[in-house]
Each structure stands twice: as C-alpha cells, then as structure tokens.
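Here is what each chain is made of, one letter per residue.
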Amino acid sequence: MTMYCLSPAQYAKKILRLSQHMCDMSYKQDWHACMELEEQRQKVMTDLFNHPDMPEALAEIAELLEQVLYIDSESLYICEEARAKELDNIKENKSRQKAVTAYHAHQN
C-alpha cells in the first residue's frame, strides 16, 4: 500500500516541474535524460491518480495538468523534428554509401 505524503496539488506541481525539465532536455536533445525523467514522472503520475483525494482535487489541479499537456506537446514537437532530421541524415548517408560503392565498382 502506498503512503501518500503529498497532496494531489503537490503531486501535480511535481509532475509539472518534471515535464518542464524534460522539455529543457529535449531542447538539448538529451534523450537519455528525457527517458529517465519520464520514468520518474510516470511514478509520480501513478501516485497522483491513485491518491484517495484525487476525484475531489481534479478541479483544483486541472490548470496544472493542462500546462503539463502543453509542455508535452512542445517536447513531442522537438522530438519529432529531431527524429525527422536524423532520418534525413540516415537517408543521405545511404545515398553516399551507394555512390561510393558504385564508384569503387567502376574503378576495377
């Protein structure tokens, strides 16, 4: 049984701080740090949504959770941009490799 030492609002604020930190790490493209922060955040979210006072506190923390969603959308956008850029780099490297292979084939 989990002991709830924090109020739902305190859990929500902690989730918000972790989300902000994840976004900062996304800008730095430190994906390992993002994964670690997400694991921490998931534990806090589980405690929040299992908290016995949660149903009554939802109206109180709704604004904080909306901020979390906004920050997450920003982080996801950053991640998708980095992913697309990396995919372009991979395609470019494959094209270069094919050109090198063709060049060496014609040299012999």
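As shown above, the structure is provided for reference.
Residues numbered from 1 in each chain as written. Predicted model: local features only at pLDDT ≥ 70, side-chain atom pairs only at ≥ 80, totals over all residues. Heavy atoms only, no water.

(A) Spatial organisation of the state of the cysteines. This structure, assessed with the given rule, holds zero disulfides. In this model cysteine 23 remains outside any disulfide bridge; the closest cysteine sulfur is found in cysteine 34, 8.5 Å from its own. (Disulfide = S-S within 2.5 Å.)

(B) Layout of the pattern of salt bridges. Counted according to the given criterion, the structure contains three salt bridges. Across the pair arginine 41 and glutamate 38 runs a salt bridge whose closest N-O atoms are separated by 2.8 Å. Residue arginine 41 and its partner glutamate 38 are located together in helix H2 (residues 31-50), separated by three residues, close to a single helical turn. Of the residues examined, arginine 41 reaches a relative accessible area of 6% and is grouped as buried. Across the pair glutamate 80 and arginine 83 runs a salt bridge, and its minimum N-O distance is 3.1 Å. Separated by three residues within a single helix, glutamate 80 and arginine 83 lie in helix H3 (residues 54-107), roughly one turn from each other. On the accessibility criterion, arginine 83 (54% relative accessible area) is exposed. (Salt bridge = Lys/Arg side-chain N within 4 Å of Asp/Glu carboxyl O. Helix = DSSP H or I, 4+ residues; strand = E, 2+ residues; numbered from the N terminus. Buried < 20%, exposed > 50% of the residue type's maximum accessible area, 1.4 Å probe, protein only.)

(C) Layout of the nonpolar core. The biggest cluster of nonpolar side chains holds 22 residues, and the ones touching the most others in it are Ile15, Leu48 and Ile61. The set of elements that each furnish at least two residues to this core consists of helix H1 (8-27), H2 and H3. In terms of residue count, the dominant contributor to this core is H1 (nine residues). (Core = buried A, V, L, I, M, F, W, Y, C linked by side-chain atoms within 4.5 Å.)

(D) Just H1, in detail. The terminal C-alpha atoms of H1 lie 29 Å apart, and with 20 residues this matches the ideal 28 Å at 1.5 Å per residue to within 8%. Looking one or two residues beyond H1, the residue adopting positive phi is glutamine 29, at roughly 55°. (Expected span 1.5 Å × (residues − 1).)

(E) Representation of the side chain of serine 26 in the model. Among the structural elements, serine 26 can be located in helix H1. Ignoring anything within four residues of it in the chain, the contact list for serine 26 reads Trp31, Cys34, Ser75 and Ile78. (Contact = heavy atoms within 4.5 Å.)

(F) Expanded view of the environment of proline 8. Residue position: proline 8 is located in helix H1. Note on proline 8: relative accessible area 6%, which makes it buried. Excluding residues within four positions of it along the chain, proline 8 makes contact with Leu48, His51, Asp53, Met54, Ala57 and Ile61.

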